[in-house]
Amino acid sequence: MTRRAATATAANAAGLDIEAIRRDFPILESTVHGHPLVYLDNAATGQKPRATIDAVNGFYRTTNANIHRGVHHLSIEATRRYEDARGAVQRFLGAGRPEEIVFVRGATEAINLVAATWGRANVGRGDEVLVSQMEHHSNIVPWQMLCEQTGASLRVIPITDRGELDMEAFEGLLTDRTKIVACVHVSNSLGTINPVEEIIARAHDRGALVLLDGAQAAPHLPVDVKTLGCDFYAIAGHKIFGPSGIGALYARHDLLEAMPPYQGGGEMILTVSFEKTTYNKVPHKFEAGTPNIAGAVGLGATIEYLERVGMERITAYEHTLLEHATGVLAEVPGLTLIGTAPAKAAVLSFTLDGVHPHDIGTILDQQGIAVRTGHHCTQPVMDRFGIPATARASLAFYNTTDEIDALARGLHTVREVFG
Ligand code: PMP
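Residues numbered from 1 in each chain as written. Predicted model: local features only at pLDDT ≥ 70, side-chain atom pairs only at ≥ 80, totals over all residues. Heavy atoms only, no water.

### Description of the overall build of the protein chain
Our working definition: Secondary structure is summarised from DSSP: a helix means a run of H or I of at least four residues, a strand means a run of E of at least two, and numbering begins at the N terminus for each. Here the globule rule is a power law, 2.2 Å times the number of residues to the power 0.38, and the radius of gyration is based on C-alpha atoms. Here's how the labels work: a residue is buried when its accessible area is under 20% of the maximum for its type, exposed when over 50%, partly exposed in between, all with a 1.4 Å probe on protein chains only. Working rule for contacts: check all heavy atoms of both residues, and any pair within 4.5 Å makes them a contact. Per-residue and other accessible areas follow the Shrake-Rupley method at a 1.4 Å probe size, with only the shown protein chains counted as cover for residues. Here the positive residues are Lys and Arg and the negative ones are Asp and Glu; neither His nor the chain ends is included. Where a charge lies is defined by one atom per residue type, namely NZ (Lys), CZ (Arg), CG (Asp) and CD (Glu).
Looking only at helices and strands, one finds 15 helices and 17 strands in the protein chain. Taking 22 Å as the expected radius of gyration for a compact globule of 419 residues, we find that the protein chain reaches 22 Å, a close match to that expectation. Dimensions along the principal axes, computed over C-alpha positions, put the protein chain at roughly 75 × 55 × 35 Å. Residue burial in the protein chain is summarised as follows: out of 419 residues, 55% are buried. Excluding contacts between residues fewer than 6 apart, the proportion of contacts in the protein chain whose partners are at least 24 apart in sequence is 72%. Surface summary for the protein chain: the accessible area is close to 16900 Å², and the carbon and sulfur share equals 52%. Taken together, the 36 basic and 47 acidic charged side chains of the protein chain have centroids lying 4 Å from each other.

Here it is as structure tokens:
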């Protein structure tokens, strides 16, 4: 079978027309250093479909105004588009009501919001916050800061050699003092899809809440927070092919109602006097100041685009890409995959004997291939595996087996250069 035929077959099996999808993403037509761009850095950020670019552009051309307080036509229309986008995120995450979606800058801000408001109100001296060893720094540091401020302790679920959570250790670490389990749904450096249903069930049994960092799950898997039963879920717009500077926090309505505000300012208030300020209803209580209106509109358009493509189809297609990539990378001499869990999203972290990951990235770049090298904001994962860094190819639904083969050829070239 030719490589192009392999791509077409994979696409047909999942019901996706990959050639048509690629035409939706203008940047994929670029060349880099004289080669067609092979973009395999999707875990850092996803590329943007024309639907998103046009929505942002169109908003500024035709609808731009500040939201919520205007009586004029443009302000009313901008408010409608912003709130429609909230509805799109609600659908995308399977939340019960739009008020459970708070617009934030990204996954980082979503987690900081929970740590700063729910955390300070509910976590005290002697309490415990449980995170895992595979967290992104953005799901470690806010909790560490909270623990420093409150006298609570941070406990860590270890990971196995395959890059899975040690669920037995998790059981042992869960105590009546555990207030919250903050855990990544899909790891950005290992690709592991964590058994979040089980984590939620066990945590809830002990009376602890669960925050899931969904930054890397949302681009790859259908997410339904109601079925999952999690208490908080964080996503970043730019990783699901939307604009940067916009993201969302899902939080259970009763929790949001009880949480103190995050930042103070306009929009989050009902009345202000020097004696007393009263706060707006949720979610506006958590959205102080002028938000990223165009970003939210662009995110809404992105979600509509993803709904047309179909998240189930994306998951199925990416699985075939992952299998293909795992196979061809195994043939590169001296290559070690870091993260070999059976339940994995299409993220491949690896080291190459005798070659620094930055050199891998630089040589691949000369061939137009974009991968990321470094610790991927998961230094504890690097420490766990005793390495300073990895090279990481992270795939999206517009990638093809041809591109993976180009990566493999590039790695064979790296091998030749370094002997
Ligand atoms: N969590 C995970 C698992 C991530 O991969 C990232 C981004 N690399 C983040 C959180 C933070 O997302 P953002 O920078 O968009 O806030």
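### Comments concerning the pairing of strand β10 (residues 247–251)
We apply this condition: By definition, two strands form a pair when at least two bridges between them are found by DSSP.
Where burial is concerned, most of β10 is hidden: five out of the five residues are buried. The alternating pattern of β10 places G247, L249 and A251 on one face and A248 and Y250 on the opposite face, and all of these are buried. When strand β4 (residues 101–104) meets β10, the two strands line up antiparallel, connected through four bridges. Looking at the pairing, I101 lines up with Y250 of β10. Relative to β10, strand β9 (residues 232–236) runs antiparallel, the two being bridged by five bridges. From the neighbouring strand, A236 faces β10, where its bridge partner is G247.

### Some words on helix α12 (residues 311–330)
Cut-off, in case you're wondering: To estimate the expected span of a helix, subtract one from its residue number and multiply by 1.5 Å. By definition, the arc is the one covered by directions from the helix axis to the C-beta atoms.
Taking 1.5 Å per residue as the helical rise, α12 with its 20 residues ought to reach 28 Å, and the 28 Å between its terminal C-alpha atoms agrees with that figure. When we look at burial in α12, the residues that qualify are M311, I314, Y317, E318, L321, L322, A325, V328 and L329. In an axial view of α12, the angular spread of the buried residues amounts to 155 degrees, which keeps them on one side of the axis. Across from the buried face of α12, at angles greater than 90 degrees, the exposed residues are E312, E323 and A330.

### Thoughts on the side chain of H220
Put simply, the test is: Each polar contact in these results corresponds to two N or O atoms within 3.5 Å; when the atoms are within protein, one needs to be able to donate a hydrogen and the other to accept it, and residues that are neighboring in sequence are counted only if both atoms are side-chain atoms.
Mapping H220 onto the fold places it in the loop between β8 (209–213) and α9 (225–228). Judged by its relative accessible area of 6%, H220 is buried. A polar atom in the side chain of H220 sits 2.5 Å from the side chain of E318. Those residues within four positions of H220 in sequence are excluded, and the remaining contacts are M311, I314, T315, E318, A345 and L395.

### Some thoughts on the packing of aromatic side chains
Threshold: Between the rings of Phe, Tyr and Trp (Trp by its six-membered ring), a pair exists once the centres lie within 6.5 Å; its type follows the angle of the planes, with under 30 degrees stacked, over 60 edge-to-face, and the other angles tilted. Sitting over a ring, as applied to charges here, requires NZ of Lys or CZ of Arg to be within 6 Å of the ring centre and within 35 degrees of the ring normal.
Tallying each qualifying case throughout the model produces 10 aromatic pairs. Here the aromatic rings of F241 and F397 are separated by 5.1 Å at their centres, their planes lie at 90 degrees, and the arrangement is edge-to-face. Residue F241 is located in the loop between β9 and β10, and its partner F397 is located in the loop between β17 (390–394) and α15 (401–418); the two are separated by 156 residues in the primary sequence. Through a chain of ring-to-ring contacts, the aromatic side chains of F25, F241, Y305, F397 and Y398 assemble into a single cluster. Directly above the aromatic system of F385 lies the positively charged group of R384, at a separation of 5.2 Å from the ring centroid.

### Let's talk about the sheet that holds β10
Quick reminder of the rule: Simply put, an axis is a line fit to the C-alpha atoms, just over the touching stretch for a helix, and the angle between two N-to-C directions goes from 0 to 180 degrees.
Here we have seven strands laid out as an open sheet, ordered β4-β10-β9-β8-β7-β5-β6, and mixed in their pairing. Every other strand in the sheet has two partners, leaving β4 and β6 (153–157) as the edge strands with one partner each. This sheet shows a mean twist of 20 degrees between the axes of neighbouring strands, independent of strand direction.

### A word on unusual backbone geometry
Phi is mostly negative for residues that are not glycine, and the peptide bonds are mostly trans. Going from V282 to P283, the amide bond is cis rather than trans, its omega being 5 degrees. Its location among the elements puts P283 in the loop between β12 (277–279) and α11 (293–309). For H33, which is not glycine, the phi dihedral falls at a positive 50 degrees. Mapped onto the elements, H33 comes out in the loop between β1 (31–32) and β2 (35–36). Here F241, not a glycine, exhibits a phi torsion of approximately 75 degrees, which is positive.

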